[in-house]
Amino acid sequence: MKKQPLLIGIVAMALLLVSCQSDKNKKNATPKVVFIIVDGIAGDVIQKLNPPVLGEISKAGGFTLAHVGGGKDSYSQTPTISAVGYNSLLTGTWVNKHNVWDNDIAAPNYYYWNLFRIAKQSNSALKTAVFSTWEDNRTKLIGEGLSQAGNVSVDFKFDGLEHDTVKYPHTTTKVFIQRIDEAVSDEAAKVISAEGPDLSWVYLQFTDEMGHKFGDSQQFHDAIVSADKQIGKIWDAIKRRQSENNEDWLIVITTDHGRDAETGHNHGGQSDRERSTWIVTNAPQRNARFDQNPGIVDIFPTICYHLGLQIPEDVSREVDGVSFIGPIDVSELRAQKDNGKVVLTWTAIEKGSSEKAEIYVAETNNFKEGGKDEYKKMGEVAVSQENFELTLDGGNFHKILLKTPRQYANVWIVNEQ
Ligand SMILES: [Zn+2]
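Residues numbered from 1 in each chain as written. Predicted model: local features only at pLDDT ≥ 70, side-chain atom pairs only at ≥ 80, totals over all residues. Heavy atoms only, no water.

Caption draft 1: Representation of the overall build of the chain in the model. Scanning the chain from terminus to terminus reveals 13 helices and 14 strands. For a compact globule of 417 residues, the expected C-alpha radius of gyration is about 22 Å, and the chain comes in at 23 Å, within 12% of that figure. Projected onto its principal axes, the C-alpha positions of the chain cover 75 × 65 × 45 Å. Classification of the 417 residues of the chain by burial places 55% in the buried group. (Helix = DSSP H or I, 4+ residues; strand = E, 2+ residues; numbered from the N terminus. Rg over C-alpha atoms; globule rule 2.2 N^0.38 Å. Buried < 20%, exposed > 50% of the residue type's maximum accessible area, 1.4 Å probe, protein only.)

Caption draft 2: Layout of the pattern of salt bridges. Following the criterion strictly, the structure yields 31 salt bridges and no others. Of the charged contacts, one joins Lys 140 and Asp 136 as a salt bridge, the two residues approaching to 3.7 Å between their closest N and O atoms. Of the two residues, Lys 140 and Asp 136 are both situated in helix α7 (residues 136-142); the distance of four residues between them amounts to about one turn of the helix. For Lys 140, a relative accessible area of 33% puts it in the partly exposed group. (Salt bridge = Lys/Arg side-chain N within 4 Å of Asp/Glu carboxyl O.)

Caption draft 3: Representation of the sheet that holds strand β13 (residues 397-404) in the model. The strand order across the open sheet built from four strands is β11-β10-β13-β14, with neighbouring strands paired in antiparallel fashion. The open sheet terminates on both sides in strands that have one partner only, identified here as β11 (376-382) and β14 (407-414). For this sheet, the mean inter-axis angle between neighbouring strands, taken without regard to orientation, is 20°. Summarising the sheet, β13 and β14 pair through eight bridges and their orientation is antiparallel. (Pairing = 2+ DSSP bridges. Axes fitted to C-alpha atoms, helices over the stretch in contact; angles between N-to-C directions.)

Caption draft 4: Structural detail: the coordination of the zinc ion. Bound to the zinc ion are the protein donor atoms Asp 39 (OD), Ser 82 (OG), Asp 256 (OD) and His 257 (NE2), situated 1.9 to 2.1 Å from the metal. Coordination at the zinc ion comes from four donor atoms whose angles at the metal span 97 to 141°, giving a geometry best classed as irregular. Motif for the zinc ion, donor spacing along one chain: D-x42-S-x173-D-H. With a gap of 218 residues between them, Asp 39 in the loop between β1 (30-38) and α2 (43-49) and His 257 in the loop between β6 (247-254) and α11 (272-275) connect regions that are remote in the sequence. A single burial state applies to Asp 39 and to His 257, both of which are buried. (Donors = N, O, S within 2.8 Å, 3.2 Å for Na, K, Ca; no water. Tetrahedral: all angles 85-135°; square planar, octahedral: opposite > 155°, others 65-115°.)

Caption draft 5: Spatial organisation of unusual backbone geometry. The phi angle at Asn 50 is positive, at roughly 40°, despite the residue not being glycine. Residue class for Asn 50 comes out exposed when judged on its relative accessible area of 52%. Although it is not a glycine, Glu 386 adopts a positive phi angle of roughly 60°. Mapped onto the elements, Glu 386 comes out in the loop between β11 and β12 (387-391). By relative accessible area, Glu 386 is classed as partly exposed at 24%.

Just geometry here; none of it tells us what the structure is for.
Listed below in C-alpha coordinates is the structure:
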(Lines give C-alpha, C1' and ligand atoms only; values in the text may rest on other atoms or scores of the structure.)
Protein backbone atom coordinates (compact mmCIF):
# COMPACT_ATOMS: atom_id res chain seq x y z
CA MET A 1 0.00 0.00 0.00
CA LYS A 2 2.79 2.34 0.87
CA LYS A 3 4.31 1.97 -2.57
CA GLN A 4 1.21 3.03 -4.41
CA PRO A 5 1.74 6.80 -4.22
CA LEU A 6 5.27 6.33 -5.59
CA LEU A 7 3.96 4.15 -8.39
CA ILE A 8 1.33 6.75 -9.25
CA GLY A 9 4.07 9.34 -9.16
CA ILE A 10 6.18 7.41 -11.66
CA VAL A 11 3.22 6.81 -13.93
CA ALA A 12 2.31 10.50 -13.76
CA MET A 13 5.87 11.50 -14.60
CA ALA A 14 5.93 9.11 -17.53
CA LEU A 15 2.66 10.57 -18.83
CA LEU A 16 4.09 14.06 -18.47
CA LEU A 17 7.17 13.08 -20.47
CA VAL A 18 5.05 11.47 -23.16
CA SER A 19 2.82 14.50 -23.42
CA CYS A 20 5.80 16.89 -23.61
CA GLN A 21 7.30 14.72 -26.29
CA SER A 22 4.10 14.69 -28.29
CA ASP A 23 3.72 18.49 -27.97
CA LYS A 24 7.28 18.91 -29.17
CA ASN A 25 6.59 16.67 -32.15
CA LYS A 26 3.44 18.64 -32.91
CA LYS A 27 5.43 21.86 -32.98
CA ASN A 28 7.82 20.57 -35.60
CA ALA A 29 5.14 18.85 -37.63
CA THR A 30 4.64 19.93 -41.23
CA PRO A 31 1.28 21.66 -41.63
CA LYS A 32 -1.02 20.35 -44.36
CA VAL A 33 -4.51 21.39 -45.45
CA VAL A 34 -7.38 19.76 -47.31
CA PHE A 35 -10.56 21.72 -47.92
CA ILE A 36 -13.64 20.11 -49.40
CA ILE A 37 -16.71 21.79 -50.87
CA VAL A 38 -19.80 19.56 -51.04
CA ASP A 39 -22.28 21.43 -53.20
CA GLY A 40 -25.55 22.95 -52.05
CA ILE A 41 -26.43 21.52 -48.61
CA ALA A 42 -28.21 23.88 -46.21
CA GLY A 43 -27.18 23.83 -42.56
CA ASP A 44 -30.43 22.29 -41.28
CA VAL A 45 -30.04 19.28 -43.58
CA ILE A 46 -26.57 18.40 -42.27
CA GLN A 47 -27.83 18.80 -38.70
CA LYS A 48 -30.78 16.53 -39.41
CA LEU A 49 -28.82 13.80 -41.22
CA ASN A 50 -25.66 14.00 -39.10
CA PRO A 51 -23.74 11.75 -41.53
CA PRO A 52 -21.18 9.51 -39.79
CA VAL A 53 -17.88 10.71 -41.29
CA LEU A 54 -18.70 14.39 -40.83
CA GLY A 55 -19.80 13.43 -37.31
CA GLU A 56 -16.45 11.76 -36.58
CA ILE A 57 -14.45 14.72 -37.91
CA SER A 58 -16.64 17.13 -35.91
CA LYS A 59 -15.92 15.08 -32.80
CA ALA A 60 -12.16 15.48 -33.37
CA GLY A 61 -12.68 19.21 -33.97
CA GLY A 62 -15.98 20.97 -34.35
CA PHE A 63 -19.19 21.67 -36.28
CA THR A 64 -20.75 25.07 -36.75
CA LEU A 65 -23.56 26.59 -38.72
CA ALA A 66 -22.16 29.23 -41.07
CA HIS A 67 -23.21 31.60 -43.83
CA VAL A 68 -22.65 32.74 -47.39
CA GLY A 69 -24.19 35.71 -49.20
CA GLY A 70 -22.07 38.56 -47.79
CA GLY A 71 -23.70 41.39 -45.84
CA LYS A 72 -27.41 41.12 -46.59
CA ASP A 73 -28.78 44.35 -48.16
CA SER A 74 -25.29 45.86 -48.04
CA TYR A 75 -22.53 46.64 -50.55
CA SER A 76 -21.13 43.11 -50.06
CA GLN A 77 -24.37 41.17 -50.62
CA THR A 78 -23.38 38.13 -52.66
CA PRO A 79 -25.53 35.78 -54.77
CA THR A 80 -25.91 32.31 -53.21
CA ILE A 81 -24.60 30.71 -56.40
CA SER A 82 -21.96 27.99 -56.65
CA ALA A 83 -18.89 29.55 -58.31
CA VAL A 84 -19.56 32.78 -56.42
CA GLY A 85 -19.32 30.87 -53.14
CA TYR A 86 -16.23 28.88 -54.18
CA ASN A 87 -14.46 32.12 -55.03
CA SER A 88 -15.39 33.67 -51.70
CA LEU A 89 -13.70 30.70 -50.06
CA LEU A 90 -10.67 30.92 -52.37
CA THR A 91 -10.11 34.68 -51.93
CA GLY A 92 -11.57 35.42 -48.48
CA THR A 93 -13.68 38.17 -50.07
CA TRP A 94 -17.29 38.76 -51.08
CA VAL A 95 -18.47 39.38 -54.63
CA ASN A 96 -18.02 43.18 -54.53
CA LYS A 97 -14.31 42.39 -54.60
CA HIS A 98 -13.73 39.04 -56.35
CA ASN A 99 -16.27 39.87 -59.09
CA VAL A 100 -17.47 36.34 -59.88
CA TRP A 101 -21.24 36.97 -60.03
CA ASP A 102 -22.40 33.63 -61.43
CA ASN A 103 -21.21 30.32 -62.85
CA ASP A 104 -20.07 31.96 -66.10
CA ILE A 105 -17.03 33.36 -64.25
CA ALA A 106 -16.88 36.15 -66.84
CA ALA A 107 -14.37 38.51 -65.25
CA PRO A 108 -12.80 37.35 -61.99
CA ASN A 109 -10.77 40.08 -60.32
CA TYR A 110 -7.47 38.32 -59.75
CA TYR A 111 -6.03 41.24 -57.74
CA TYR A 112 -7.76 39.58 -54.79
CA TRP A 113 -5.31 36.72 -54.57
CA ASN A 114 -6.59 33.18 -54.07
CA LEU A 115 -5.20 30.58 -51.68
CA PHE A 116 -3.21 28.81 -54.38
CA ARG A 117 -1.44 31.98 -55.47
CA ILE A 118 -0.68 32.95 -51.89
CA ALA A 119 0.67 29.48 -51.13
CA LYS A 120 3.06 29.51 -54.10
CA GLN A 121 4.11 33.13 -53.54
CA SER A 122 4.70 32.51 -49.85
CA ASN A 123 6.71 29.32 -50.40
CA SER A 124 7.29 28.05 -53.92
CA ALA A 125 8.23 24.61 -52.57
CA LEU A 126 4.67 23.98 -51.34
CA LYS A 127 2.80 21.34 -53.33
CA THR A 128 -0.80 22.04 -54.26
CA ALA A 129 -3.62 19.84 -55.56
CA VAL A 130 -7.10 20.17 -57.07
CA PHE A 131 -9.50 17.21 -57.33
CA SER A 132 -12.71 18.49 -58.85
CA THR A 133 -15.89 17.49 -60.63
CA TRP A 134 -15.82 20.89 -62.38
CA GLU A 135 -12.73 21.91 -64.34
CA ASP A 136 -13.47 25.66 -64.23
CA ASN A 137 -12.50 25.67 -60.56
CA ARG A 138 -8.87 25.27 -61.54
CA THR A 139 -8.76 26.92 -64.96
CA LYS A 140 -10.96 29.96 -64.22
CA LEU A 141 -11.22 30.56 -60.47
CA ILE A 142 -7.64 29.68 -59.52
CA GLY A 143 -6.71 30.79 -63.04
CA GLU A 144 -3.90 28.29 -63.42
CA GLY A 145 -1.31 29.48 -65.92
CA LEU A 146 -2.93 32.89 -66.45
CA SER A 147 -0.47 35.75 -66.12
CA GLN A 148 -3.12 38.04 -64.60
CA ALA A 149 -3.69 35.39 -61.91
CA GLY A 150 0.01 35.15 -61.13
CA ASN A 151 0.99 32.21 -63.39
CA VAL A 152 0.08 29.76 -60.65
CA SER A 153 0.70 26.09 -61.30
CA VAL A 154 -1.15 23.26 -59.54
CA ASP A 155 1.08 20.26 -58.84
CA PHE A 156 -1.54 17.50 -58.71
CA LYS A 157 -4.74 17.92 -60.70
CA PHE A 158 -7.61 15.61 -61.43
CA ASP A 159 -10.59 17.22 -63.13
CA GLY A 160 -12.33 17.74 -66.48
CA LEU A 161 -14.01 14.32 -66.44
CA GLU A 162 -17.30 16.07 -67.20
CA HIS A 163 -16.00 16.61 -70.77
CA ASP A 164 -15.55 12.87 -71.36
CA THR A 165 -19.06 12.02 -72.58
CA VAL A 166 -18.00 8.55 -73.72
CA LYS A 167 -16.88 7.38 -70.31
CA TYR A 168 -19.38 9.59 -68.47
CA PRO A 169 -22.47 9.92 -70.74
CA HIS A 170 -24.56 12.93 -69.79
CA THR A 171 -27.97 11.55 -68.87
CA THR A 172 -30.86 13.32 -67.19
CA THR A 173 -30.49 11.13 -64.09
CA LYS A 174 -27.17 12.93 -63.49
CA VAL A 175 -25.70 9.67 -62.27
CA PHE A 176 -22.56 10.48 -64.28
CA ILE A 177 -21.86 13.29 -61.83
CA GLN A 178 -21.98 10.81 -58.98
CA ARG A 179 -19.52 8.56 -60.84
CA ILE A 180 -17.21 11.55 -61.40
CA ASP A 181 -17.43 12.48 -57.68
CA GLU A 182 -16.48 8.89 -56.92
CA ALA A 183 -13.44 9.02 -59.24
CA VAL A 184 -12.46 12.45 -57.88
CA SER A 185 -12.60 11.33 -54.25
CA ASP A 186 -10.75 8.09 -55.05
CA GLU A 187 -7.95 10.04 -56.70
CA ALA A 188 -7.86 12.61 -53.88
CA ALA A 189 -7.50 9.84 -51.28
CA LYS A 190 -4.81 8.12 -53.34
CA VAL A 191 -2.70 11.24 -53.98
CA ILE A 192 -3.08 12.57 -50.44
CA SER A 193 -2.08 9.17 -49.09
CA ALA A 194 0.95 8.79 -51.37
CA GLU A 195 2.14 12.38 -51.82
CA GLY A 196 0.64 14.43 -49.00
CA PRO A 197 0.29 17.72 -50.91
CA ASP A 198 0.49 20.79 -48.65
CA LEU A 199 -2.76 22.35 -49.90
CA SER A 200 -5.56 20.34 -51.53
CA TRP A 201 -9.01 21.35 -52.77
CA VAL A 202 -11.62 18.65 -53.30
CA TYR A 203 -14.91 19.58 -54.96
CA LEU A 204 -17.93 17.21 -55.06
CA GLN A 205 -21.05 18.16 -57.05
CA PHE A 206 -23.67 15.40 -57.01
CA THR A 207 -25.52 16.66 -53.91
CA ASP A 208 -26.51 19.88 -55.68
CA GLU A 209 -27.69 17.95 -58.74
CA MET A 210 -30.05 15.91 -56.58
CA GLY A 211 -31.17 19.04 -54.75
CA HIS A 212 -32.11 20.74 -58.03
CA LYS A 213 -33.83 17.65 -59.39
CA PHE A 214 -35.71 16.36 -56.35
CA GLY A 215 -35.62 19.20 -53.78
CA ASP A 216 -35.68 18.20 -50.12
CA SER A 217 -36.09 14.49 -50.68
CA GLN A 218 -34.78 11.02 -50.00
CA GLN A 219 -32.70 11.23 -53.20
CA PHE A 220 -31.02 14.42 -51.96
CA HIS A 221 -30.36 12.87 -48.55
CA ASP A 222 -28.96 9.70 -50.14
CA ALA A 223 -26.56 11.86 -52.18
CA ILE A 224 -25.31 13.48 -48.97
CA VAL A 225 -24.72 10.10 -47.34
CA SER A 226 -22.84 9.03 -50.46
CA ALA A 227 -20.68 12.20 -50.39
CA ASP A 228 -20.01 11.52 -46.70
CA LYS A 229 -18.57 8.11 -47.65
CA GLN A 230 -16.40 9.75 -50.31
CA ILE A 231 -15.11 12.22 -47.72
CA GLY A 232 -14.44 9.20 -45.49
CA LYS A 233 -11.84 7.90 -47.96
CA ILE A 234 -9.99 11.21 -47.79
CA TRP A 235 -10.31 11.36 -44.00
CA ASP A 236 -8.85 7.85 -43.75
CA ALA A 237 -5.89 8.93 -45.90
CA ILE A 238 -5.31 11.91 -43.62
CA LYS A 239 -5.50 9.81 -40.46
CA ARG A 240 -3.03 7.34 -41.91
CA ARG A 241 -0.55 10.04 -42.92
CA GLN A 242 -0.94 11.73 -39.56
CA SER A 243 -0.06 8.53 -37.72
CA GLU A 244 2.85 7.60 -40.01
CA ASN A 245 4.42 11.03 -40.57
CA ASN A 246 5.21 14.07 -38.50
CA GLU A 247 2.43 16.07 -40.13
CA ASP A 248 -0.29 18.30 -38.77
CA TRP A 249 -3.36 17.99 -41.01
CA LEU A 250 -6.21 20.48 -41.05
CA ILE A 251 -9.35 19.41 -42.87
CA VAL A 252 -12.18 21.88 -43.49
CA ILE A 253 -15.42 20.75 -45.12
CA THR A 254 -18.15 23.14 -46.14
CA THR A 255 -20.78 23.91 -48.76
CA ASP A 256 -21.23 26.81 -51.16
CA HIS A 257 -24.87 27.77 -50.46
CA GLY A 258 -28.08 26.51 -48.89
CA ARG A 259 -31.41 25.90 -50.63
CA ASP A 260 -34.82 27.60 -50.72
CA ALA A 261 -37.07 26.86 -47.75
CA GLU A 262 -40.19 26.06 -49.77
CA THR A 263 -39.02 23.06 -51.83
CA GLY A 264 -35.23 22.87 -51.69
CA HIS A 265 -35.04 22.85 -55.49
CA ASN A 266 -33.44 26.29 -55.85
CA HIS A 267 -30.86 28.72 -54.59
CA GLY A 268 -29.34 32.06 -55.56
CA GLY A 269 -31.41 34.44 -53.41
CA GLN A 270 -30.95 35.92 -49.96
CA SER A 271 -33.43 33.94 -47.86
CA ASP A 272 -32.15 32.66 -44.53
CA ARG A 273 -32.00 29.07 -45.76
CA GLU A 274 -30.21 29.92 -49.01
CA ARG A 275 -27.62 31.82 -46.91
CA SER A 276 -27.36 29.03 -44.34
CA THR A 277 -24.30 26.76 -44.57
CA TRP A 278 -22.04 24.87 -42.17
CA ILE A 279 -18.37 24.12 -41.52
CA VAL A 280 -16.87 20.89 -40.20
CA THR A 281 -13.20 20.77 -39.18
CA ASN A 282 -10.84 18.51 -37.28
CA ALA A 283 -9.05 21.55 -35.76
CA PRO A 284 -8.98 20.64 -32.06
CA GLN A 285 -8.66 24.25 -30.91
CA ARG A 286 -10.82 26.88 -32.45
CA ASN A 287 -11.14 30.48 -31.32
CA ALA A 288 -14.36 32.38 -30.56
CA ARG A 289 -14.96 33.14 -34.25
CA PHE A 290 -15.98 29.54 -34.92
CA ASP A 291 -19.11 29.97 -32.82
CA GLN A 292 -20.17 33.33 -34.29
CA ASN A 293 -21.85 31.87 -37.39
CA PRO A 294 -18.69 32.35 -39.46
CA GLY A 295 -18.76 33.09 -43.19
CA ILE A 296 -17.30 31.08 -46.03
CA VAL A 297 -14.73 33.92 -46.30
CA ASP A 298 -13.36 32.93 -42.87
CA ILE A 299 -11.91 29.71 -44.28
CA PHE A 300 -9.24 31.61 -46.28
CA PRO A 301 -7.45 33.21 -43.29
CA THR A 302 -7.88 29.96 -41.33
CA ILE A 303 -6.00 27.99 -43.98
CA CYS A 304 -3.35 30.71 -44.32
CA TYR A 305 -2.82 30.62 -40.55
CA HIS A 306 -2.46 26.84 -40.41
CA LEU A 307 0.02 26.73 -43.30
CA GLY A 308 1.88 29.80 -41.98
CA LEU A 309 1.43 31.61 -45.31
CA GLN A 310 2.52 35.21 -45.71
CA ILE A 311 -0.33 37.22 -47.20
CA PRO A 312 0.97 40.37 -48.95
CA GLU A 313 0.08 43.44 -46.85
CA ASP A 314 -2.17 45.10 -49.43
CA VAL A 315 -4.03 41.81 -50.06
CA SER A 316 -4.57 41.19 -46.35
CA ARG A 317 -6.15 44.64 -45.95
CA GLU A 318 -8.91 43.52 -48.32
CA VAL A 319 -9.70 40.13 -46.74
CA ASP A 320 -13.27 39.98 -45.43
CA GLY A 321 -12.79 36.86 -43.32
CA VAL A 322 -11.38 36.19 -39.84
CA SER A 323 -9.46 33.02 -38.96
CA PHE A 324 -11.33 30.61 -36.68
CA ILE A 325 -8.08 29.11 -35.40
CA GLY A 326 -5.15 30.86 -33.74
CA PRO A 327 -5.11 34.21 -31.93
CA ILE A 328 -7.38 36.97 -33.25
CA ASP A 329 -8.38 40.37 -31.87
CA VAL A 330 -11.66 41.38 -33.50
CA SER A 331 -14.55 40.18 -35.63
CA GLU A 332 -17.85 41.56 -36.92
CA LEU A 333 -16.62 45.05 -37.84
CA ARG A 334 -19.56 47.17 -38.96
CA ALA A 335 -20.12 50.81 -39.92
CA GLN A 336 -23.31 52.74 -39.29
CA LYS A 337 -23.89 56.19 -40.76
CA ASP A 338 -25.60 58.59 -38.42
CA ASN A 339 -26.11 62.31 -39.25
CA GLY A 340 -22.84 62.78 -41.09
CA LYS A 341 -20.95 60.73 -38.56
CA VAL A 342 -19.90 57.12 -38.91
CA VAL A 343 -20.03 54.79 -35.94
CA LEU A 344 -17.80 51.75 -36.16
CA THR A 345 -18.58 48.75 -33.98
CA TRP A 346 -16.84 45.42 -33.61
CA THR A 347 -16.57 42.43 -31.29
CA ALA A 348 -13.39 42.22 -29.20
CA ILE A 349 -12.25 38.66 -28.63
CA GLU A 350 -10.33 39.44 -25.39
CA LYS A 351 -12.74 41.64 -23.48
CA GLY A 352 -10.29 43.01 -20.88
CA SER A 353 -7.37 43.68 -23.21
CA SER A 354 -5.84 47.16 -23.31
CA GLU A 355 -4.29 46.63 -26.75
CA LYS A 356 -4.85 49.36 -29.30
CA ALA A 357 -6.58 49.38 -32.65
CA GLU A 358 -5.70 52.01 -35.25
CA ILE A 359 -8.36 53.31 -37.62
CA TYR A 360 -7.49 54.26 -41.21
CA VAL A 361 -9.58 55.55 -44.10
CA ALA A 362 -8.95 55.54 -47.85
CA GLU A 363 -11.20 57.39 -50.28
CA THR A 364 -10.06 55.44 -53.31
CA ASN A 365 -10.33 51.83 -54.40
CA ASN A 366 -7.29 51.65 -56.65
CA PHE A 367 -6.56 48.17 -55.30
CA LYS A 368 -9.26 46.67 -57.50
CA GLU A 369 -7.27 47.79 -60.56
CA GLY A 370 -3.91 46.77 -59.16
CA GLY A 371 -3.04 50.19 -57.71
CA LYS A 372 -2.35 51.51 -54.22
CA ASP A 373 -4.70 53.26 -51.86
CA GLU A 374 -3.52 56.01 -49.54
CA TYR A 375 -4.82 55.32 -46.06
CA LYS A 376 -5.09 58.23 -43.64
CA LYS A 377 -4.92 57.51 -39.92
CA MET A 378 -8.08 58.70 -38.17
CA GLY A 379 -7.36 57.68 -34.59
CA GLU A 380 -6.56 55.02 -32.03
CA VAL A 381 -8.80 53.22 -29.61
CA ALA A 382 -8.60 50.29 -27.19
CA VAL A 383 -9.68 47.11 -28.97
CA SER A 384 -11.91 46.31 -25.98
CA GLN A 385 -13.91 49.56 -26.45
CA GLU A 386 -15.65 47.92 -29.41
CA ASN A 387 -16.67 51.21 -31.03
CA PHE A 388 -15.27 54.37 -32.59
CA GLU A 389 -16.93 57.44 -34.04
CA LEU A 390 -15.48 59.38 -36.94
CA THR A 391 -16.49 62.13 -39.34
CA LEU A 392 -15.88 61.58 -43.03
CA ASP A 393 -15.82 64.14 -45.81
CA GLY A 394 -18.54 64.17 -48.45
CA GLY A 395 -17.04 61.62 -50.86
CA ASN A 396 -19.17 58.75 -52.07
CA PHE A 397 -16.79 55.98 -51.19
CA HIS A 398 -14.65 55.18 -48.15
CA LYS A 399 -12.70 52.10 -47.20
CA ILE A 400 -12.26 51.85 -43.46
CA LEU A 401 -9.49 49.73 -42.00
CA LEU A 402 -9.12 48.60 -38.40
CA LYS A 403 -5.55 47.56 -37.67
CA THR A 404 -5.01 45.54 -34.50
CA PRO A 405 -1.85 43.78 -33.30
CA ARG A 406 -2.81 40.51 -35.02
CA GLN A 407 -4.98 41.39 -37.99
CA TYR A 408 -6.76 43.83 -40.26
CA ALA A 409 -10.51 44.20 -40.51
CA ASN A 410 -12.19 46.30 -43.19
CA VAL A 411 -15.58 47.76 -43.97
CA TRP A 412 -16.79 50.05 -46.78
CA ILE A 413 -19.04 53.09 -46.69
CA VAL A 414 -20.81 53.38 -50.04
CA ASN A 415 -23.16 56.36 -50.27
CA GLU A 416 -26.40 55.96 -52.14
CA GLN A 417 -26.39 58.27 -55.15
ZN1 LIG B 1 -23.57 25.05 -55.68
